[in-house]
Amino acid sequence: MFAVEKDTDRVQWHAHSAEKAIEHLDTRHDGLTHDEAADRLKQYGRNVAAAPAQRGWLARLAAQFHNILIYVLIGAALVTAALGHWIDTAVIALVVIINALIGFIQEGKAESAMDAIRSMLAPEAMVRRNGQRETISATEVVPGDILILEPGGRISADVRIATARGLSIDESALTGESVPVEKTGAQVDSEAALGDRHGMAYAGTLVATGEGTGIVVATADRTELGQVTEMLASVENVTTPLLRRLNRLGKQLSVIILAVSAITAVAGVVLHGFSAVEMFMAAVGLAVAAIPEGLPAIMTITLALGVQRLARRNAIIRRLPAVETLGSITVICSDKTGTLTRNEMTVQEVAIANGSEQRLGEAVSLCSDATVSVNKDDSLKISGDPMEAALLVYAQTLGLEPNALRQAHPRLEGIPFDSTHRYMASLHDINGEHRLVVKGAPEAVVPRCQGIDEDEWHRKAEAMAERGLRLLAVAERIVSHDDFKMDLDHQPEDLTLLGLVAIIDPPREEAIKAVAACRRAGIRVKMITGDHAHTAAAIGQQLGLEDTGRGVTGAELDALSDADFSAKAGQASVFARVSPAHKLRLVKALQANGEIVAMTGDGVNDAPALKRADVGVAMGQQGTDAAREASEVVLADDNFATIAAAIREGRVIYDNIVKSILFMLPTNAAQSLILVAAVFIGLTLPITPPQILWVNMITAVTLALALAFEPAEEGVMGRAPRAADGPLIPKGMGSRLILVACTMVIGTMAIFLWERSQGAELAEARTLAVNTLVLFEVWYLFSARRLHQSSFNLSGVLGNRYVPMAGVFIILAQIAFTYAPPMQFLFDTHSLGVREWILAILVSLPVIAVAEGHKWWQRKRLPMPKSGNEQP
Ligand code: ATP
């Protein structure tokens with residue numbers, strides 16, 4: 001039916017008119033039909049770029065070995081092999097391989113989690129098909145489609161601009177130029193540079209202001225950007241500050257460990273005359289035992305699990321470091337409409353100034369972009385702004401048909417709504433008469449009206465706003481079209497006020513609970529809205545915000561000095577009639593006061609504030625692509641409660657990472673200190689180097705890994721936010737680590753010496769020492785599950801099934817280690833009797849008392865705030 005030339009890519013579209021493009025691409029201003037679009041999709045393929053080359057599994061596996069801790073281990077394996085100590089070589093090699101495999105599997109899981117998240121952020125496009133606006137997946141855009149360009153939207157294909165109203169586009173993705181370029185639709189010289197093509201808009205660029213339409217001329221790889229993948233809201237896969245700190249710690253530890261090992265070996269030879277080879281093997285065992293080689297894998301899985309849990313809770317993490325920052329947020333600055341409120345709007349009251357209610361209904365029908373239609377099951381299908389949809393539903397109750405009305409009288413000119421000027425204007429030809437209709441915030445519209453008592457209408461508006469109602473003033477004017485011009489330089493004046501419309505949008509139940517949870521967690525919630533101050537303050541009170549007062553308006557903020565502004569930013573909770581520029585100033589002021597700020601936003605103008613905030617939070621449903629790209633977190637459900645849930649999850653993730661570190665450090669230290677102590681004292685080694693390697697191998701990744709699955713500790717949302725630049729090891733924990741490590745070393749050495757003094761054979765005493773050390777670690781794992789709270793309760797024992805699973809696995813492995821003949825041969829172990837096992841349990845169990853006693857002492861010293869029901 002149509003014959004689109006295959007050589008469309010070579011046409012210099014910018015040097016042709018839009019009409020030419022329409023003709024050439026065999027399309028129409030009201031869009032393709034669905035059949036045509038489906039045919040073209042078959043012909044041209046999906047609007048996606050070829051997937052970027054994936055790292056092969058071999059490369060991913062190899063990357064697991066690229067780690068300083070692993071290098072040291074590989075070095076040790078080579079040296080032991082050279083010396084012919086094959087058992088040691090094999091065990092070290094096993095440690096390295098198991099560790100790499102776990103890292104490899106976990107990384108694969110983390111990557112598929114990130115992929116799933118990427119697909120949750122799949123871009124959409126607004127097109128006109130069959131004469132109707134439709135939102136489709138950006139991958140289904142085809143040449144000939146009419147793309148609708150709106151502020152904040154990312155353009156999904158190359159288009160020849162057909163209409164443009166105040167349109168400007170940020171082409172930095174393509175040209176690097178960050179100042180938006182004005183787009184008029186004008187035809188330019190075929191030689192014009194990319195940035196000078198006023199008639200074109202390119203895939204991957206963002207609409208900065210205005211609105212327009214464009215004819216799609218190229219999709220997928222045929223676009224200028226070529227690489228359409230970059231259009232996909234990217235989820236960056238970077239490391240986090242915590243991981244960087246851990247890496248640094250790992251390097252420092254390796255140096256210290258190597259130094260201590262060397263000194264120990266030399267001391268053994270010099271002080272006690274041990275053989276050099278024996279001491280060398282001890283040094284290798286010591287180094288391997290001390291190195292926390294499992295830590296990187298554990299960090300990755302803890303973060304990946306957390307990101308998955310967050311996604312299940314509708315919070316999509318775009319930048320991994322945000323996971324950590326979430327846990328230290330002290331202030332949340334949230335939008336009101338749709339985030340704290342339900343965004344289920346209903347017109348509740350109108351006040352007529354001039355004309356009839358019918359006339360007002362007509363005006364709001366014409367001056368809206370939303371559409372409302374009836375689904376098969378009689379429910380309403382709303383697309384576009386919910387407030388406009390409420391107006392259309394209201395118009396229908398007056399017997400009007402908004403869709404038919406708009407089709408009969410299409411918009412001739414218009415000024416789109418913007419949260420800076422806060423109104424929208426639209427010009428229509430109605431039976432030969434040009435009617436200009438305006439709707440917007442009363443403060444923006446009433447002063448543009450004539451022949452009314454402005455004060456009286458402002459008073460009426462305030463009275464409605466105090467009841468938490470959202471307000472719109474509606475006005476009109478009959479103009480003579482010939483000399484009429486309308487844009488932001490020629491704004492509508494001399495209007496006739498038709499009346500006020502008051503709309504109810506109640507707070508979300510779950511937001512009220514989440515606000516309370518945040519307050520208990522030491523996080524202040526501030527509402528930042530474009531709405532009326534009285535409306536905002538009333539909603540703020542219903543939500544339970546602190547000090548709502550009467551709300552601070554943007555105009556009042558403008559009048560403040562910098563110092564007063566900063567004080568106000570800290571103290572007030574409701575900011576009304578603010579523009580996106582105020583949001584940026586507020587973030588900066590709060591940060592200057594030392595706060596860690598989460599800021600929500602949806603519009604293109606919110607991007608600077610979102611970028612500046614410690615955690616920018618974009619709305620997944622109502623938000624623009626520009627806001628999403630500036631943010632760290634995207635809320636799939638636009639719901640405030642999700643932010644509170646994400647903060648809670650962020651705290652849990654951080655806690656779990658800290659718990660793994662706090663588990664690994666003293667256990668690894670104890671494993672190696674036993675050898676150091678024995679060598680310095682001049683004792684027979686209570687545990688041989690191969691045995692210590694075994695302990696390290698079976699405990700390193702099993703026990704600590706279980707902590708990655710740890711659920712939230714009671715009171716996570718009952719304590720103050722963690723200081724963002726605080727130490728890696730929380731205050732007061734250092735002493736616990738030392739106590740625990742010493743208990744393990746002393747207990748293990750003591751049981752070995754006692755057994756020897758009772759006449760036990762060396763192999764038997766050593767086997768007992770190894771089992772005692774492993775039991776120490778198992779008991780300590782139960783205690784390490786809670787940072788602050790006691791582990792002596794049901795959830796402390798059973799709360800994480802991976803912990804008992806890891807415990808059982810280890811004990812089975814120890815039974816094999818003790819009794820299986822091949823193991824006895826390899827590791828020089830000896831069967832133990834019941835008496836020995838009881839002894840091992842009796843000696844190791846007290847580590848729980850030591851760790852729990854330390855917690856108890858700390859809880860007494862630093863009392864923590866009590867929390868009630870903290871689930872946000
Ligand atoms: P929030 O920032 O919390 O989402 P908001 O949605 O109330 O708040 P804006 O969208 O900036 O903030 O709206 C500010 C005011 O502009 C509203 O109170 C309303 O009076 C007016 N307004 C909002 N949307 C439109 C629209 N589509 N057309 C005309 N006026 C509007």
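Note that the structure is a prediction, hence the values are computed from the model and not measured.

Student: I tried to follow the pairing of strand β22 (residues 615-619) on my own but got confused; where do I start?
Tutor: Both faces of the sheet carry side chains from a regular strand, because those side chains alternate between them. Here β22 lies mainly inside the structure; five of its five residues are buried. Neither face of β22 is open: one carries Val-615, Val-617 and Met-619, the other Gly-616 and Ala-618, and all of them are buried. In this structure, strand β21 (residues 597-601) lies alongside β22, joined through four bridges in parallel fashion. Opposite Ala-598, over in β22, you have Val-615 as the bridge partner. In terms of handedness, the path from β21 via helix α21 (residues 607-612) over to β22 forms a crossover that is right-handed. With three bridges joining them, β22 and strand β23 (residues 633-635) adopt parallel strand pairing.

Student: I keep staring at the site of the ligand and nothing clicks. Help me out?
Tutor: Around the ligand sit 21 residues, and of these Lys-336, Lys-439, Arg-470, Leu-471 and Asp-531 come closest. In this structure, Ala-441 approaches the ligand through a main-chain N or O atom, which is 3.5 Å from an oxygen atom. Burial of the ligand by the protein amounts to 91% of the accessible area it has alone, namely 610 Å². Of all the secondary structure elements, the ones that give two or more residues to the shell around the ligand are α12 (386-397), β15 (433-440) and β16 (470-479). The greatest single-element share of the shell around the ligand, amounting to three residues, is contributed by β16. Looking at the shell around the ligand, its residues break down into seven nonpolar, five polar and nine charged.

Student: Just to check I follow, could you spell out the pattern of salt bridges for this structure?
Tutor: Pairing between side chains becomes possible if they bear opposite charge and their charged atoms approach one another. Counted according to the given criterion, the structure contains 32 salt bridges. The closest approach of N and O atoms between Asp-531 and Lys-336, which form a salt bridge, is 2.8 Å. You can see Asp-531 sitting in the loop between β18 (524-528) and α17 (533-543) and its partner Lys-336 sitting in the loop between β9 (331-334) and β10 (346-352), a full 195 residues away along the chain. Comparing Asp-531 with Lys-336 shows no difference in burial state: the two are buried.

Student: What's the story with the sheet that holds β21 in this structure? I'm lost.
Tutor: The pairing of strands in a sheet happens through backbone hydrogen bonds and is either parallel or antiparallel. If you walk across this open sheet you meet the eight strands as β8-β23-β22-β21-β9-β18-β20-β19, and the pairing is mixed. Two strands close off the open sheet at either side, each with one partner strand: β8 (315-317) and β19 (552-553). Pairing geometry for β19 and strand β20 (residues 574-576), over two bridges, is parallel. Its bridge partner being in β20, Val-552 is matched across the sheet by Phe-575. On the sheet, helix α23 (residues 640-681) packs against β8, β9, β18, β21, β22 and β23 and is oriented at approximately 160° with respect to β9.

Student: Is there a simple way to think about the environment of Lys-20 in this case?
Tutor: Relative to the assigned elements, Lys-20 resides in helix α1 (residues 18-24). The class of Lys-20 is partly exposed, set by a relative accessible area of 38%. As for Lys-20 and Glu-595, which are separated by 575 residues in sequence, their C-alpha atoms are 56 Å apart.

Student: Honestly, the domain arrangement of the protein in this entry has me stumped. Any pointers?
Tutor: Often, the extent of an interface is quoted as the loss of accessible area upon association of its parts. As assigned here, the protein comprises domain 1 (8-51 + 117-234), domain 2 (241-311 + 653-712 + 727-861), domain 3 (317-341 + 508-638) and domain 4 (346-504). Relative to domain 4, the C-alpha centre of domain 2 lies at a distance of 71 Å.

Student: Is there a simple way to explain the side chain of Asp-335 in this structure?
Tutor: Mapping Asp-335 onto the fold places it in the loop between β9 and β10. The class of Asp-335 is buried, set by a relative accessible area of 8%. Ignoring any residue separated from it by four or fewer positions in sequence, one finds Asp-335 in contact with Leu-340, Ile-528, Lys-583, Thr-600, Gly-601 and Asp-602.

Basis of the calculations
- Residues numbered from 1 in each chain as written.
- Predicted model: local features only at pLDDT ≥ 70, side-chain atom pairs only at ≥ 80, totals over all residues.
- Heavy atoms only, no water.
- Buried < 20%, exposed > 50% of the residue type's maximum accessible area, 1.4 Å probe, protein only.
- Helix = DSSP H or I, 4+ residues; strand = E, 2+ residues; numbered from the N terminus.
- Pairing = 2+ DSSP bridges.
- Right-handed = clockwise from strand over helix to strand, strands pointing away.
- Near = heavy atom within 4 Å.
- Polar contact = N/O pair within 3.5 Å; in protein donor to acceptor, adjacent residues only side chain to side chain.
- Areas by Shrake-Rupley, 256 points an atom, 1.4 Å probe, with all protein chains shown as cover.
- Nonpolar A, V, L, I, M, F, W, Y, C, P; charged D, E, K, R; others polar.
- Salt bridge = Lys/Arg side-chain N within 4 Å of Asp/Glu carboxyl O.
- Contact = heavy atoms within 4.5 Å.
- Axes fitted to C-alpha atoms, helices over the stretch in contact; angles between N-to-C directions.
- Domains from an automatic or database assignment.

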